[in-house]
Amino acid sequence: MVKLNVIYTRTGDRGETGLGDGSRRAKNDARVAAMGDVDETNCAIGLALIAVGDRSEAADVAIEPMLKRIQNDLFDLGADLCLPRQADEKPGAVLRVAPSQVQAIEHAIDALNARLHPLRSFVLPGGTAAAAALHQARAVCRRAERAMVALAAIEGEEVGDAALAYVNRLSDYLFVAARAANDFGMADVLWAPGANQDENE
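Presented here is an overview of the structure given in this document.

Parameters at a glance
- Residues numbered from 1 in each chain as written.
- Predicted model: local features only at pLDDT ≥ 70, side-chain atom pairs only at ≥ 80, totals over all residues.
- Heavy atoms only, no water.
- Helix = DSSP H or I, 4+ residues; strand = E, 2+ residues; numbered from the N terminus.
- Buried < 20%, exposed > 50% of the residue type's maximum accessible area, 1.4 Å probe, protein only.
- Contact = heavy atoms within 4.5 Å.
- Areas by Shrake-Rupley, 256 points an atom, 1.4 Å probe, with all protein chains shown as cover.
- Polar contact = N/O pair within 3.5 Å; in protein donor to acceptor, adjacent residues only side chain to side chain.
- 1 Å grid on protein atoms, 1.4 Å probe; cavity = no way out; pocket = protein on both sides within 12 Å on 5 of 7 lines; lining within 4 Å.
- Points joined across faces, edges and corners; volume = space filled by probe spheres on them.
- Nonpolar A, V, L, I, M, F, W, Y, C, P; charged D, E, K, R; others polar.
- Expected span 1.5 Å × (residues − 1).
- Arc of directions from axis to C-beta.
- Axes fitted to C-alpha atoms, helices over the stretch in contact; angles between N-to-C directions.
- Parallel < 35°, antiparallel > 145°, perpendicular 65-115°, else oblique.
- Patch = residues over 30% accessible without salt bridge, like charges linked within 9 Å, V, L, I, M, F, W, Y side chains within 5 Å.
- Salt bridge = Lys/Arg side-chain N within 4 Å of Asp/Glu carboxyl O.
- Phe/Tyr/Trp six-rings, centres within 6.5 Å; stacked < 30°, edge-to-face > 60°.
- Lys NZ or Arg CZ within 6 Å of the ring centre and 35° of its normal.
- Core = buried A, V, L, I, M, F, W, Y, C linked by side-chain atoms within 4.5 Å.

## Digging into the overall build of the chain
Move 1: A count of helical and extended segments in the chain gives five helices and four strands.
Move 2: Evaluated residue by residue, the chain yields a buried proportion of 40% over its 201 residues.
Move 3: In the chain, 74% of the contacts between residues at least 6 apart in sequence involve partners at least 24 apart.
Move 4: Within the structure as shown, the chain displays about 11,800 Å² of accessible surface, and the carbon and sulfur contribution to it stands at 52%.

Structure, rendered in structure tokens:
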């Protein structure tokens with residue numbers, strides 16, 4: 001169990017923070033930035049959960065329990081990023097995002113997508129409050145993915161394949177969940193290209 005008895009330690013007052021292996025990094029370090037964006041994604045999902053509430057999606061595609069599962073997974077992802085991989089790391093020795101967590105999101109996407117109204121255009125982030133909140137979480141998740149990809153591109157840094165796949169798949173889930181929150185796509189707000197352009201220009 002993790003015990004947090006002291007909230008402030010003063011160890012970060014000079015702009016550094018500790019990783020899971022005890023090493024120190026600047027708070028604007030690429031790994032710390034990726035961890036922060038994953039945390040922000042989790043916060044955005046927390047707000048989406050409030051907006052989703054106890055909506056009456058069919059039991060097999062209910063959004064709320066999946067979002068709660070995802071919030072826990074995102075802490076796993078944060079723990080994964082917090083502990084840089086070692087060349088001699090043994091499988092299962094530390095907490096890493098697992099392929100099964102990616103597969104669970106894929107199954108949830110498939111269940112939602114099977115009930116969605118066919119898409120006729122790009123979707124604007126709106127409709128119901130729940131859909132708008134889920135779209136916001138999706139956009140924040142995409143930022144977390146960009147930060148993780150940037151981290152993985154740095155020489156000497158590594159991000160696990162399952163971790164990258166998870167955050168990529170998560171934004172897909174949040175997109176279909178947003179459509180489900182809009183009456184399974186029937187209430188989507190669709191992009192009308194050029195709709196507000198003056199024809200006389």
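The discussion continues.
## As for the environment of Val38
Move 1: Within the secondary structure, Val38 sits in helix H1 (residues 30–52).
Move 2: Linking Val38 and Ala144, residues 106 residues apart in sequence, is a C-alpha distance of 5.4 Å.
Move 3: Once you skip the residues sitting within four places of it in the chain, Val38 turns out to touch Leu74, Leu77, Gly78, Leu81, Ala144 and Met148.

## Some points on the side chain of Asp188
Move 1: The residue Asp188 is located in the loop between helix H5 (161–181) and strand S4 (189–190) in this model.
Move 2: Within the local environment of Asp188, its side chain forms a polar contact with the side chain of Asn182, the two groups lying 3.2 Å apart.
Move 3: Ignoring any residue separated from it by four or fewer positions in sequence, one finds Asp188 in contact with Leu119, Val123, Arg179 and Asn182.

## Topic: unusual backbone geometry
The phi torsion of most residues other than glycine is negative, and most of the peptide bonds are trans.
Move 1: Phi is positive for Asp183, close to 55°, though the residue is something other than glycine.
Move 2: Looking at the element boundaries, Asp183 is found in the loop between H5 and S4.
Move 3: A positive phi angle, close to 55°, is found at Phe184, a residue other than glycine.
Move 4: If you trace the backbone, Phe184 turns up in the loop between H5 and S4.

## Some details on empty space enclosed by the protein
Move 1: For the structure on display, the rule yields one cavity of 30 Å³ or more.
Move 2: Here the largest cavity is characterised by a volume of approximately 30 Å³.
Move 3: In terms of lining residues, the largest cavity is bounded by Arg31, Asp80, Leu81, Arg85, Arg96, Glu158, Val159 and Gly160.
Move 4: By residue class, the composition of the lining of the largest cavity is two nonpolar, one polar and five charged.

## Some remarks on helix H3 (residues 99–113)
Move 1: With 15 residues, H3 extends 21 Å from end C-alpha to end C-alpha; this agrees with the ideal 21 Å at 1.5 Å per step.
Move 2: Those residues of H3 lying buried are Gln101, Val102, Ala104, Ile105, Ala108, Ile109 and Leu112. Down the axis of H3, the sector holding all buried residues measures 155°, keeping them to one side. Away from its buried face by more than 90 degrees, H3 exposes Pro99, His107 and Asp110.
Move 3: Next to the buried residues of H3 lie helix H2 (63–82) and H5.

## A look at the packing of H1 against helix H4 (residues 129–152)
Move 1: Taken N-terminus to C-terminus, the directions of H1 and H4 make an angle of 170°; their axes are 8 Å apart at the nearest point. Classified by the interaxial angle, the pair formed by H1 and H4 is roughly antiparallel. Two secondary-structure elements touch here, H1 through Ala30, Arg31, Ala34, Asp37, Val38, Glu40, Thr41, Ala44, Ile45, Ala48, Ala51 and Val52 and H4 through Ala129, Ala130, Ala133, Leu134, Ala137, Val140, Cys141, Arg143, Ala144, Ala147, Met148 and Leu151.
Move 2: Each residue belonging to the contact of H1 with H4 can be placed in one class, and the counts come to 19 nonpolar, one polar and four charged.

## Concerning a nonpolar patch on the surface
Move 1: Residues Phe122, Leu124, Val189 and Trp191 make up a contiguous nonpolar surface patch of about 400 Å² in total accessible area.
Move 2: On the accessibility criterion, Val189 (34% relative accessible area) is partly exposed.

## Observations regarding the packing of aromatic side chains
Move 1: The tally for this structure, following the rule as stated, stands at one aromatic pair.
Move 2: Directly above the ring of Phe184 sits Arg115, whose terminal nitrogen or CZ lies 4.3 Å from the centroid.

## Some words on the nonpolar core
Looking at soluble globular proteins, one finds that nonpolar side chains tend to be buried together.
Move 1: Membership of the largest hydrophobic core comes to 48 residues, with the highest contact counts inside it found for Leu67 and Tyr173.
Move 2: Of all the secondary structure elements, the ones that give two or more residues to this core are H1, H2, H3, H4 and H5.
Move 3: For this core, the element with the most residues is H5, which contributes twelve residues.

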